[in-house]
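So you can see what is in the structure, the chains are spelled out below.
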Amino acid sequence: MPARIAAGVNPLRQTQDRRLPRIAGPSGLVIFGVTGDLSRKKLLPAIYDLANRGLLPPGFGLTGFARRDWNADHFAEVTKQAVQEHARTPFRERVWRQLEAGIRFVPGEFDDDAAFDRLAETVAELDRERGTGGNHAFYLSVPPGAFPLVCRQLARSGLSDSKGDAWRRVVIEKPFGHDLASALELQKVVESVFPGDSVFRIDHYLGKETVQNLLALRFANQMFEPIWNAHYVDHVQITMAEDIGIGSRAGYYDGIGAARDVIQNHLLQLLALTAMEEPVSFDPAPLRAEKEKVLSAVVLPKDLSRHTARGQYSAGWQGGEKVLGYHDEDGIPPGSTTDTFAAIRVDVDTRRWAGVPFYLRTGKRLGRRVTEIAIVFKRAPHLPFALPDTQELGQNALVIRVQPDEGVTVRFGAKVPGTAMEVRDVTMDFGYGHAFTENSPEAYERLILDVLLGDPPLFPHSKEVELSWRILDPILQHWERKGMPDSYRPGTWGPDSAHEMLARDGRAWRRP
Amino acid sequence: MKIQLHDTTSSKIASQLVKLREEGGAVALGRVLTLLVVADEDDVEEAVDAANQASREHPCRVIVVTDAVPGADGLDAEIRVGGDAGASEVILLHPRGAAGGDPDTLVTPLLLPDAPIVTWWPGAAPDDPSDHPLGRMAQRRITDVMRCGHPLRSLARLAEHHAPGDTDLAWARATLWRGLIAESLDEPPYTRVDAIRIAGNTDHPSLLLLGAWLRYFLKADVTLEAVEAAPAITGVTLVRENGNVVMERPVDSTILRIDEPTGIKHRVSLPLRTLADSLIEDLRRLDPDEVYGEVLTKALPELVEELA
C-alpha cells in the first residue's frame, strides 16, 4: 500500500533528514518600483542567488511593474545586468536562462486601472504557463505614499484575492509611516486588502546572520545569560553609523531623518532582541510576544533635552575627500531641520534591566560604517590590586558586531607581561566569517525565501511597529519644537551634544 | 606558502605551526573542525583542492595522511598556508616504513583542541571506517564508494559495518534530486505515488540510494532502467494517481526537464555535483545522518532483494 500523501504530510520529509533543502513551492513574485536602487542592487541579485542555490521552485515567475516603456526582454536585460553586477554567487548562463523564462514586465502608472488589469492577466498567464499555482507575492518597493493606491488597485483587480490553497502575500519596506498616526493609517490600508499574516514587513537587519546569531549567543549558551541583567550590565550602546551622506535620496530622506529612518525600526528591533526574555520557542508568536513585551516596557527619560541629541552634517573634508554639508546636497531646502544624526537614551522598566540605560545612536557621515551592539559591564566591585595597577583597566564589554566584519568581541583585563602587576584591556575577537562561511547568504535572500515559504519569524509585526512609534513620537515632537539640529563635522562621531548627553550620566560612547 | 619538512616529527610540525602563526598571522582563526584526509598519493591533490574549497564554508585544519611508502623509517611533511590553503591550513604527512604504523599518533599532536574531527577517504575506504585508527577518533566518517570500484559491493560492506556518523558522498550527490522530488509532493494535488521508475547508470551508488530511499518512504515499487553512457541519474518518473511526473536530465545535459500531469513543463539547472559541493554539504552537519543510516542498512538491502 503506497504511503499516504496529504497537505503537510510528505513521507519523504523526515524530521531527521536535515540535508533535504527547503525549496519554495510554485510561486511568483511581482515587484513594484522595479527600476529603483533597491531592486537593482539587492532584490534582483538575491532572486538570482536563490535560483543559483536551487532554492526557487522550478516554475518561478518574476514580474516587474514600473512606469517605463519596456517589454519583458528589456526588463530581462536590465535584470541580467543587475545580477551580473551585484549577485553574490557566480553568474551561470544556464541558471539565468531558467530564471529568464519566467520574467514578465507590465508598464504602467499606479493610477492606471488598465495596467493592473494587464498585471492580473500576466499573473494568470504565469499560472497557466509556468505553473505558479496562483501563489504570488507583491513586493512594494515604492514610497509609502503610494501604498494606499497600489493596495487599492491590487484589491480592485482581484490580485489580492487568494483562492483555495493558493496564497497572496504583500511585502512592504520601511518606513512604516512617519509617526504613530500615519503608521496606523498605513496598517489599516494594507490590512484592509491583505490579512495580517499575509503582510511581510521587511527589516533587512533581521535577515542578517549576525542578528540571528544574537539569539544563538544568548539562548544556546550557558555562559552569557546569567550576567545578562542589571546586576552585571552597566549600560548598553547600540550604534548604526554610515560614512556616506544622503547621496541622491534627498526626496526620501528630507523630512524623515535618521531617527525615523533607522531608530524606529532597526535599532529598536536590535534593542528588543538584546533585552527580551527567552521566548518559549522560536515560533513566530512566542518570539513576537517577547519582543512586544520588552518594547512595551521601554520608557523615555523625563527631560528629553538632556538625554537625546540630534545633528546635521556640515561641509568639510572627510577621509581625504571634500564632501557637501546636508544643506548643500541636491534637493534639500535651505533651513531643513531634518536630523542626519540622532541619539537617544531609553530605559527598560523590567526587573532584569532596572537602572540600565540603553543608548541608541545612528547617523550619516560618521567616522566609519559600522553597526554594533555593545553590552558594557560594571566594574568589579572590589579590585585587590594597588590603584595604579588597574588604572588602565576599563569596563568589560561584549560587542556584537553586526556589520561589517560580523562577529563578537569580548574586552577584558589581562596582565601586562613583566615584573610588575599591571592590568590592561585586551580584546578577543570571534569573526563570524572566520568560523563559518565566507559564503553567508545576503539578508534579502533569506527574507525573500521566507516570504515565499510563508515563514514569518524574522518579520516585525504591526504591533511592534506601533510600539516603536509610541516610543519615538514624543522625542520627534520634542525635537520639532527645538529648531535646527546641532551641526557636526563629517567623518566624526556626531555633534558635541551627543557626547555631552552621555557625559551627564558619567559615561562615554564607545569608539566603534 | 609551502614549507617542506624532511625527517621530522608531528610535534616539530606543531611547533612550526605555532611559529608561523606568530610570525605571519598566516593561520586562520576560529576554525570549526579538523578534517583528516586518508588518501593515496595519487588522490592527494584533488582531495586537497576540494578540502580547500570546503574550508571557505567550514574553516578547518586539513591533515592529509598518505600510505607509508617503503624506505628508511621516518616522516616527511609539508605545511601549506595562505594562498595554497584556502581558508585553512593544510598539513601533508608522508610516513616512510614503520613510521606509518600508528597513524593516530601521527595526527594527535596536530588536532585542533576540542574541535570535532571528520575523517574522509577520498579513494579506497576501509571495510569498517569506524574501526580504522583514524576513523575511531572522528565524529564523522566520510567515504566515497563511487571511487571504490564495484559500488554495490562496497555499499553492502559499509552497510554491514555501519556506525552512526558514517556517510558516503554518494548520498550527498543525490540531495538535489531528493529535494526536487520531495518538493513536488509538498504541493496539491496530494495524490499517491504508486510506482517509481529511475533511469541512468544503474551501477551508480547515488542512483541505488535514491531508489532505496524512495521505495522505503513512499512504499511504492521501484524499477531501474539502464541508460547507455549515463554518468549518473538521468531521469525519475513518479507514477501518480493523476498521471506521471517525469523528471529528465539527458546524458550530457545539465538541464532537468520536469513534465507535470497538468501539462506544465519546467526546466531547472541541475549540473552534476562536484566533489567539493558534496564535501561541503557533508561537513554542514556533524551529527549522525539517521536517514542515510536507515537507507543504507534497511532500505538498500530491501531494494536489492526486490530487484534480484
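Conventions adopted
- Residues numbered from 1 in each chain as written.
- Chains lettered and ligands numbered in written order.
- Predicted model: local features only at pLDDT ≥ 70, side-chain atom pairs only at ≥ 80, totals over all residues.
- Heavy atoms only, no water.
- Pairing = 2+ DSSP bridges.
- Helix = DSSP H or I, 4+ residues; strand = E, 2+ residues; numbered from the N terminus.
- Axes fitted to C-alpha atoms, helices over the stretch in contact; angles between N-to-C directions.
- Contact = heavy atoms within 4.5 Å.
- Patch = residues over 30% accessible without salt bridge, like charges linked within 9 Å, V, L, I, M, F, W, Y side chains within 5 Å.
- Areas by Shrake-Rupley, 256 points an atom, 1.4 Å probe, with all protein chains shown as cover.
- Salt bridge = Lys/Arg side-chain N within 4 Å of Asp/Glu carboxyl O.
- Lys, Arg positive; Asp, Glu negative; His and termini not counted.
- Charge placed at Lys NZ, Arg CZ, Asp CG, Glu CD.
- Buried < 20%, exposed > 50% of the residue type's maximum accessible area, 1.4 Å probe, protein only.
- Core = buried A, V, L, I, M, F, W, Y, C linked by side-chain atoms within 4.5 Å.
- Expected span 1.5 Å × (residues − 1).
- Bend = angle between axes of the 7 residues up to and from the residue.
- Buried area = accessible area lost by both parts, 1.4 Å probe.
- Polar contact = N/O pair within 3.5 Å; in protein donor to acceptor, adjacent residues only side chain to side chain.
- Nonpolar A, V, L, I, M, F, W, Y, C, P; charged D, E, K, R; others polar.
- pLDDT = per-residue confidence, 0-100.

You'll find chain B entered in an unreviewed UniProt entry as OpcA protein, with Miniimonas arenae given as the organism.

> Is there a simple way to think about the sheet that holds strand β1 (residues 28–32) of chain A in this case?
The pairing of strands in a sheet happens through backbone hydrogen bonds and is either parallel or antiparallel. All names here are of chain A. Taken together, the 6 strands give an open sheet; going across it, the order is β3-β2-β1-β4-β5-β6, and neighbouring strands pair in parallel fashion. Because the sheet does not close on itself, it has two edges, and the strands there are β3 (103–107) and β6 (199–202). Sheet twist, expressed as the mean angle between neighbouring strand axes with direction ignored, is 20 degrees. Here β1 pairs with strand β4 (residues 136–140) via 5 bridges, running parallel. Residue pairing for β4: V30 is matched across the bridge by F138. In this fold helix α5 (residues 147–156) packs onto β1, β4 and β5 (168–173), with an angle of close to 160 degrees to the strand it touches most, β4.

> Looking at this model, I keep getting lost on a negative patch on the surface. Mind explaining?
Residues and elements named next belong to chain B. A cluster of acidic residues, D40, E41, D42 and D67, forms a negative patch on the protein surface. For D67, the location among the structural elements is in the loop between β3 (60–66) and β4 (74–80). The exposure class of D67 is partly exposed, given its relative accessible area of 47%.

> Which parts of the structure should I look at to understand the nonpolar core?
Among soluble globular proteins, nonpolar side chains are generally buried collectively. Residue and element names in this part refer to chain A. One finds F32, L140, I263, F358 and L398 to be the most contacted residues of the largest nonpolar core, which totals 103 residues. Per element, the largest residue contribution to this core is 11 residues, and it comes from helix α9 (residues 257–275). Once residues lying within four places of it in the same chain are set aside, the contact partners of L398 are L217, F224, W228, I373, A374, I375, F377, V408, T409 and V410.

> I tried to follow α9 of chain A on my own but got confused; where do I start?
Along an α-helix, a turn takes 3.6 residues, which lines up residues three or four apart on a common side. Taking 1.5 Å of rise per residue, 19 residues should cover 27 Å, and α9 of chain A covers 25 Å from first to last C-alpha, within 8% of that figure. Bending of α9 of chain A peaks at approximately 50 degrees at the position of I263 of chain A.

> Hey, could you run me through the interface of chain A and chain B in this one?
You'll often see interface size given as the accessible area lost when the parts meet. In this assembly, 38 residues from chain A lie in contact with 51 residues from chain B. Carbon and sulfur atoms supply 58% of the area that chain A and chain B bury against each other, a total of about 3800 Å² over both sides. Taken together, the connections running from chain A to chain B amount to 6 salt bridges. D17 of chain A is the salt-bridge partner of R178 of chain B, the closest N and O atoms lying 2.6 Å from each other. Linking chain A with chain B are 10 residue pairs in polar contact (both at pLDDT 80 or more), by the criterion used here. Mapped onto the side of chain A that touches chain B, the elements with two or more residues apiece are α3 (93–100), α4 (113–129) and α12 (432–435) of chain A. In terms of residue class, the side of chain A that touches chain B is built from 17 nonpolar, 10 polar and 11 charged.

> Even after reading the chapter, I still don't get the environment of K291 of chain A, so can you show me in this structure?
All names here are of chain A. Take K291: it is sitting in helix α10 (residues 284–296). When its relative accessible area of 3% is taken as the criterion, K291 is described as buried. A sequence separation of 50 residues divides K291 from A241, and the C-alpha atoms of the two residues are 24 Å apart. In contact with K291, other than residues within four places in its own chain, are L206, Q269, A272, L273, M276 and E464.

> Before we go on, may I ask you to explain the confidence of the model for chain B in this structure?
Confidence in the prediction of chain B, expressed as mean pLDDT, is 90, and 97% of residues score 70 or more. Among the prediction metrics, the complex's ipTM stands at 0.83, with pTM recorded as 0.82.

> Can you walk me through the pattern of salt bridges in this structure?
Pairs may arise between side chains of opposite charge once their charged atoms sit close together. By the definition in use, this model includes 54 salt bridges over all chains. The partner of D113 of chain A in a salt bridge is R156 of chain A, and the shortest N-O contact between them spans 3.5 Å. Pair noted here: D113 of chain A is in helix α4 and R156 of chain A is in helix α5, with a separation of 43 residues, a long-range link. Classification of R156 of chain A by relative accessible area gives partly exposed; the value is 39%. E45 of chain B serves as the salt-bridge partner of R80 of chain B, at 2.9 Å between the closest nitrogen and oxygen. Taken together, the residues span a long stretch of sequence, with R80 of chain B in strand β4 and E45 of chain B in helix α2 (residues 44–55) at a distance of 35 residues. R80 of chain B sits in the buried class, given a relative accessible area of 5%. Through salt bridges that share partners, R19 of chain A together with R140, R273, E281, D282 and D289 of chain B make up one connected network.

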